[in-house]
Amino acid sequence: MIFVRLDVKSTKLLERFQKIVNSLEDLSIIEHQGSKLPDVVIFEVGPDSEKDLESVEAIQRSPSYPEIFITSASYEIMKKALKMGIREFFSEPIKKEEVEIAFARYKKNLEHGKPQKGKHGKILSMLGSKGGMGSTTVAVNLAEALAQTGDSVRICLVDLNLEFGDIPLFLDIEPSNTIADVTQNILRLDSEFLSSAMIKHDSGIYILAPPVSPEEAEIVSLDGVKQIFSLMQGMFDYIVVDSNRSLDQIAMVALGLSENVFVITQLDLASLKNAKRFVDICLNMGFDKPKFSPVINRYDKNADISLAEAEKVLSQKVFWLIPSDYVTVVTSINQGKSFIHTANSSKVTKSFKEMALRIRGKKQKMSRLWGLIK
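Keep in mind that this is a model prediction, so the values were computed, not measured.

Engineer: Is there a simple way to explain the overall build of the chain in this structure?
Structural biologist: Within the chain, the regular secondary structure consists of 17 helices and 13 strands. Against the compact-globule benchmark of 21 Å for 374 residues, the chain has a radius of gyration of 22 Å, which places it among compact chains. Considered along the principal axes of its C-alpha atoms, the chain spans approximately 70 × 45 × 40 Å. Counting the 374 residues in the chain, one finds 54% classified as buried.

Shown next, in the form of structure tokens:
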């Protein structure tokens, strides 16, 4: 039996959760002042969110720390909850199937002796400041470069451009399953099922493909994406995400879970201003600035805008410079292979390899110009 405590203030919401929890097998609602300790606490974060989140942190510090599920009408709270390590979030109106899925996953973790918390792989999101910035090129080549950094590092590449994902084209693969197929079968989700739904590329990286049509993209759910990323963090060392620029709920989950968000831009004023605007929007939504790292793609030292001027527009230092190499890029895309396979000795390939080493902390003092001057 799983004992559930409902820390829910709203009478209507409390009645909704009582009805749902009482309808599920092996669950029992316990009182606040009862003798039994809860296994799971469903906690409502209301208008006084700061005080409520402090209460959640107090529960997390307790010796008998139960699992916490958060419910709130605010997407801002969802982002904060993700940062606190909370993996289950119910947005209002509450849906029975989402609560059922959350408890099914909790039960599965108990059965397999897998703790909900622990060491997680790092999620790295690639976001173009506007269309045509090369975020897919960066995601594909960075993933393969990370795979070559040694230590049997496990890499996953996720195409989160749900309507116009190009990773299968860039790597010349024809996936039989997509992220939509996984979310449709979310009750079956475990490491074995997820692995079978991905393609293992010749490079060793695993790829979760995007939907094949806009209709299929609509199937992908917020809860499904949360579960997929949570499971991936226990399976891989790095999850490289080619994301989209729309700040919808699914994008927010990816950003919230990401250790780094690489904002891909170029040395033109429109691209730089868009990058700055995007970061500012995210900061206003509660994200931390150190999470965002500008990357200049197709860098040319003779461009009209200098690096110093670019950093002034961005109001922060650029993390990395990827040199301009039109021939190598086009050849790579046309062949459906990464730079490592089509032009291993090129300057742009060396830049990605050095960027991967820097991300892994193998060369902490490396200059962002390293890949350009070697």
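We are not done yet, so read on.
Engineer: Explanation requested: the nonpolar core in the structure shown.
Structural biologist: In this structure, I70, V158, L160, M198, F229, M232 and I239 are the most contacted members of the largest nonpolar core, which totals 68 residues. When residues no more than four places from it in sequence are discounted, the contact partners of V158 are I167, L208, F229, M232, I239, V240, V241 and D242.

Engineer: Sorry if this is basic, but what is going on with the packing of helix α12 (residues 269–284) against helix α13 (residues 307–314) here?
Structural biologist: A pair of packed helices is characterised by two quantities: the angle between their axes and the separation of those axes. One way to put it is that α12 packs onto α13 with a least axis distance of 8 Å and a crossing angle of 35 degrees. Between α12 and α13 the crossing geometry is right-handed. Touching L269, L272, K273, A275 and K276 of α12 are A310, V313 and L314, all from α13. Residue composition of the contact of α12 with α13, grouped by class: six nonpolar, no polar and two charged.

Engineer: Could you clarify how one ought to interpret the pattern of salt bridges in this entry?
Structural biologist: A side chain with one charge may pair with a side chain of the opposite charge, provided their charged atoms come close. Within this structure, the stated rule accounts for seven salt bridges. Here E259 and K122 are joined by a salt bridge, their closest N and O atoms 3.6 Å apart. Of this pair, E259 sits in the loop between α11 (249–257) and β11 (260–265) while K122 sits in strand β6 (residues 122–128), placing them 137 residues apart in sequence. Since its relative accessible area comes to 42%, E259 is described here as partly exposed. E311 is paired through a salt bridge with K317; the nearest N and O atoms lie 3.6 Å apart. Residue classification places E311 among the buried residues on the basis of a relative accessible area of 11%. What makes K317 exposed here is its relative accessible area of 60%.

Engineer: Can you walk me through the sheet that holds strand β7 (residues 155–159) in this structure?
Structural biologist: The pairing of strands in a sheet comes from backbone hydrogen bonds and takes either a parallel or an antiparallel form. One open sheet holds the eight strands; their spatial order is β8-β9-β7-β10-β6-β11-β12-β13, and the pairing between them is mixed. Edge positions in the sheet fall to β8 (199–200) and β13 (320–323), since each of these pairs with one other strand and no more. One ladder, built from two bridges, connects β8 with strand β9 (residues 206–208); its direction is antiparallel. Residue pairing in the sheet places K200 in a bridge with Y206 of β9. Sitting on the sheet, helix α10 (residues 222–235) is in contact with β6, β7, β9 and β10 (238–242), with an inclination near 145 degrees to β10.

Engineer: How should I be thinking about α13 in this particular structure?
Structural biologist: Owing to its 3.6 residues per turn, the α-helix brings residues three or four apart onto one side. Turning to α13, its buried residues are L307, A310, E311 and L314. Down the axis of α13, the buried side of the element spans an arc of 95 degrees, and every buried residue falls inside it. Summarising the geometry of α13, the exposed residues directed more than 90 degrees from the buried face are A308 and K312. Next to the buried residues of α13 lie α12, β12 (292–299) and β13. Phi for S315, located one or two positions after α13, is positive at around 65 degrees.

Engineer: What's the story with the sheet that holds strand β3 (residues 40–44) in this structure? I'm lost.
Structural biologist: The five strands lie next to each other as β2-β1-β3-β4-β5, forming an open sheet whose pairing is parallel. This sheet does not close on itself; its edge strands, each paired only once, are β2 (27–30) and β5 (88–91). Averaged over all neighbouring strand pairs, the angle between strand axes comes to 25 degrees, with direction disregarded. Bridge analysis of strand β1 (residues 2–7) against β2 gives four bridges, and the strand direction is parallel. Looking across to β2, one finds that I2 is bridged to L27.

Engineer: How should I be thinking about the packing of α10 against α11 in this particular structure?
Structural biologist: Relative to each other, α10 and α11 sit at 25 degrees, their axes nearing to 9 Å. By the angle between their axes, α10 is roughly parallel relative to α11. The hand of the α10/α11 crossing is right-handed. Contacts between α10 and α11 involve L222, V225, K226, F229 and Q233 on the former and, on the latter, Q249, I250, V253, A254 and L257.

Conventions we followed
- Residues numbered from 1 in each chain as written.
- Predicted model: local features only at pLDDT ≥ 70, side-chain atom pairs only at ≥ 80, totals over all residues.
- Heavy atoms only, no water.
- Helix = DSSP H or I, 4+ residues; strand = E, 2+ residues; numbered from the N terminus.
- Rg over C-alpha atoms; globule rule 2.2 N^0.38 Å.
- Buried < 20%, exposed > 50% of the residue type's maximum accessible area, 1.4 Å probe, protein only.
- Core = buried A, V, L, I, M, F, W, Y, C linked by side-chain atoms within 4.5 Å.
- Contact = heavy atoms within 4.5 Å.
- Axes fitted to C-alpha atoms, helices over the stretch in contact; angles between N-to-C directions.
- Left-handed = near helix turned anticlockwise from the far one by under 90°.
- Nonpolar A, V, L, I, M, F, W, Y, C, P; charged D, E, K, R; others polar.
- Salt bridge = Lys/Arg side-chain N within 4 Å of Asp/Glu carboxyl O.
- Pairing = 2+ DSSP bridges.
- Arc of directions from axis to C-beta.
- Parallel < 35°, antiparallel > 145°, perpendicular 65-115°, else oblique.

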